[in-house]
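Chain and residue survey
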Amino acid sequence: MEHLTVLRFNVGHSCIFADMKTALKVYNTLARKTEEFQPINPPFVGLYVCGPTVYSEVHIGNVRTFTSFDLIYRYLLHLGYKVRYVRNITDVGHLLDDNEEDKISKKARLENIEPMEVVQRYTVDFHKTMMLFNTLPPSIEPTATAHLIEQIELIQTILDKGLAYESNGSVYFDVLKYSADHNYGELSGRNIDELLVNTRDLDGQDDKKHPADFAIWKKAEPQHIMKWNAPWSLGFPGWHLECSVMSTKYLGTTFDIHGGGMDLKFPHHECEIAQNEAGYGCAPAKYWLHTNMLTFNGRKMAKSEGTGVTPKEMITGNHPLLTQAYSPMTIRFFMLQAHYRSTLDFNNEALQAAEKGFRRLMTAVKDLDGLKSGNTSFFTVEDWKEELYAAMNDDFNSPIAIAQLFEGVRLINLMKDQGETLTESDLAAFTSAFKTFITDVLGLTTEEENDSGEVDGLMDFILQLRNEAKARKDYATSDEIRDKLNELGFEIKDGKEGTTFSRK
Ligand code: AMP
Ligand code: ZN
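The written sequence of each chain sets the order in which its residues are numbered from 1. Chains carry letters and ligands carry numbers; both start at the beginning, A for chains and 1 for ligands, and go up in the order they are written. Reporting in this predicted model follows two pLDDT cut-offs: at least 70 for local features of residues, and 80 or more for side-chain atom pairs to be given and counted; totals over whole chains, interfaces and linings ignore these cut-offs and use all residues. Each side-chain value is derived from all of the structure's non-hydrogen atoms; neither hydrogens nor water enter the calculation.

Re the sheet that holds strand 11 (residues 285-291)
The pairing criterion is simple: DSSP has to find at least two bridges between the two strands. By the criteria applied, helices consist of DSSP H or I runs no shorter than four residues and strands consist of E runs no shorter than two, each listed in order from the N terminus. The four strands are arranged 4-3-10-11 in an open sheet whose pairing can be described as parallel. Among the strands making up the open sheet, the edge pair consists of strand 4 (82-87) and strand 11. Strand-to-strand twist in this sheet, taken as the mean axis angle between neighbours without regard to direction, amounts to 20°. In the sheet, strand 3 (residues 44-49) pairs with strand 10 (residues 255-261) via three bridges, with the strands oriented parallel. From the neighbouring strand, Tyr 48 faces strand 10, where its bridge partner is His 258. On the sheet, helix 8 (residues 239-251) packs against strand 3, strand 4 and strand 10 and is oriented at approximately 160° with respect to strand 3. Interaxial angles span 0 to 180 degrees and are taken between N-to-C directions of axes, which are lines fitted to C-alpha atoms, for helices over the stretch in contact. Residue contacts are counted whenever heavy atoms from the two residues lie within 4.5 Å of one another.

Description of the packing of helix 8 against helix 9 (residues 265-280)
Two elements in contact, helix 8 and helix 9, have axes whose closest approach is 8 Å; the angle formed by their N-to-C orientations is 55°. Between helix 8 and helix 9, the angle is such that the two are oblique. Of the two possible hands of crossing, helix 8 and helix 9 adopt the one that is right-handed. Of the residues in helix 9, those touching helix 8 at Trp 239, His 240, Leu 241, Cys 243, Ser 244, Val 245, Ser 247 and Thr 248 are Pro 267, His 268, Cys 271, Glu 272, Gln 275, Asn 276 and Tyr 280. Residues that form the contact of helix 8 with helix 9 fall into these classes: seven nonpolar, seven polar and one charged. Should an angle fall under 35 degrees it is taken as roughly parallel, and over 145 as roughly antiparallel, whereas 65 to 115 is taken as roughly perpendicular and any remaining angle as oblique. For a crossing to be left-handed, the near helix must be turned anticlockwise from the far one by less than a right angle; the clockwise case is right-handed. Under the convention adopted here, Pro, Cys and the residues Ala, Val, Leu, Ile, Met, Phe, Trp and Tyr are nonpolar, Asp, Glu, Lys and Arg are charged, and Gly plus all remaining residues are polar.

Re the environment of Ala 338
Residue placement: Ala 338 occurs in the loop between helix 11 (328-336) and strand 14 (344-346). As for Ala 338 and Asn 397, which are separated by 59 residues in sequence, their C-alpha atoms are 8.3 Å apart.

Looking at helix 11
Given 3.6 residues per helical turn, the α-helix brings residues three or four places apart onto the same face. With nine of nine residues buried, helix 11 lies mostly within the body of the structure. Considered for burial, the residues of helix 11 that qualify are Pro 328, Met 329, Thr 330, Ile 331, Arg 332, Phe 333, Phe 334, Met 335 and Leu 336. Residues of helix 11 that are buried make contact with helix 2 (60-78), helix 4 (115-132), helix 10 (311-316), strand 14, helix 12 (348-368) and helix 14 (398-418). Burial classes follow relative accessibility: with a 1.4 Å probe on protein chains only, a residue under 20% of its type's maximum area counts as buried, one over 50% as exposed, and anything between as partly exposed.

Quick notes on the pattern of salt bridges
Salt bridge, as used here, is a side-chain nitrogen of Lys or Arg placed within 4 Å of a carboxyl oxygen of Asp or Glu. Here the structure, examined in full by the defined rule, presents 19 salt bridges. Notably, a salt bridge pairs Glu 150 with Lys 249, separated by 2.7 Å at the nearest N-O pair. With Glu 150 in helix 5 (residues 148-160) and Lys 249 in helix 8, the pair connects residues that are 99 residues apart, well separated along the chain. For Glu 382, the salt bridge is made with Lys 385, and the minimal N-O distance between the two is 3.9 Å. In this pair, Glu 382 and Lys 385 are both assigned in helix 13 (residues 381-393), three residues apart and thus about one turn of the helix distant. Since its relative accessible area comes to 45%, Glu 382 is described here as partly exposed. Judged by relative accessible area, Lys 385 falls into the buried class, the value being 14%. Taken together, the salt bridges that share partners define one network made up of Asp 70, Arg 74 and Arg 332.

Okay, here's the thing in structure tokens:
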């Protein structure tokens, strides 16, 4: 495979906050400490984030992780970095622990449809969801199935280097041999001896030399739908392989930031590092950033355990645990009120408080435009701004940044209600920083600004729910949805081509 070792994109835009930028610090999971952020090849930054496995709708926990990386991406862009953001789509190879059946294959088998239909349906759904939450699209969104050739090449390289072995048509990474001169477990802190003892008995384990070895190529069972020809068998790649190959292809053998949820540290990211070290001879990323989990009423949300609440359910309020519907921007604001490395619990009280807080913030944005300047300034705008940047530079501490914005809200209200003033230039600087932070960095928009694309996306969701109700002959619900939408000013038409809506 040909590697792009240097990020090749155009220079020409200087950093807006050169001094602020040098102060950025990030918590590097690999180093287990906070470090100064120094890109390998400034002003370029390569950012790779593990994307979703598209076998079902994403749940709101997944949305939290992608929103956290959206904040990180937005802040890096705001600082003037030229970021290439790669977030993959896993469309093959993600195996269930218990029976090692590919998640996408399983869904296709159960629904009697093509795996690519499963992939298409949930990729489109994922994009719509990401738009609703105002997350910026990545620069490149590669899929695993489109990089089979590169994956087969990497397997061959690892085999050639003697760090993998073939067994009954499958290829396994030789963890023990690799560990002789590499630190397997360096990211997750797992101990190799414990791994050898504790690894559970899995289907096909007899093919492995050691229980800790992991498959980089799996021979397909006859009933397995997704399979490709490779020198070892008709089969499919191991899940961890795609991220090694696609991050290297688009960002180079060593790039700046690799991210994902904390639950991916082991085995996914640990195996990825091992594959890169074995195949390309170097570590994939300089900084590893991991986001913490979202819980609902104290329980971890997980697709595979069926405990996930979907964005649709949140937006419509149609879930037994929800007492009302919450707008995507309320949810986004709620998420940003917690630091990305802290756990966050969804519950109705906390979401209702966030709804009020978000409204107060957006009312202040509107109030800003009506403020008049004066001859003197009653506070120092630069000091206020400095604290805002200090918060974000401290490992993207959005809750502290939001607290500083609320200090801004207090100051806006003093100007509005008590006649306090800022000079013309101070007012302009304050207004610009306040608005830029809310819209560009935090990615928050008023519900009205959101109106065009977002409402369309929301309506698609709601009409889809209504169609689902109709399909199960639950006409009471489908009529209730139509009547409620009518009340809200939308006309719903059921026709041969499907259901459409228009504003009354
Ligand atoms: P998956 O589609 O399961 O591979 O997950 C996509 C991303 O969502 C990964 O980075 C996971 O770590 C992350 N994720 C999964 N569950 C949660 C959760 N409850 N809270 C936050 N992030 C999660
Ligand atoms: Zn990955």
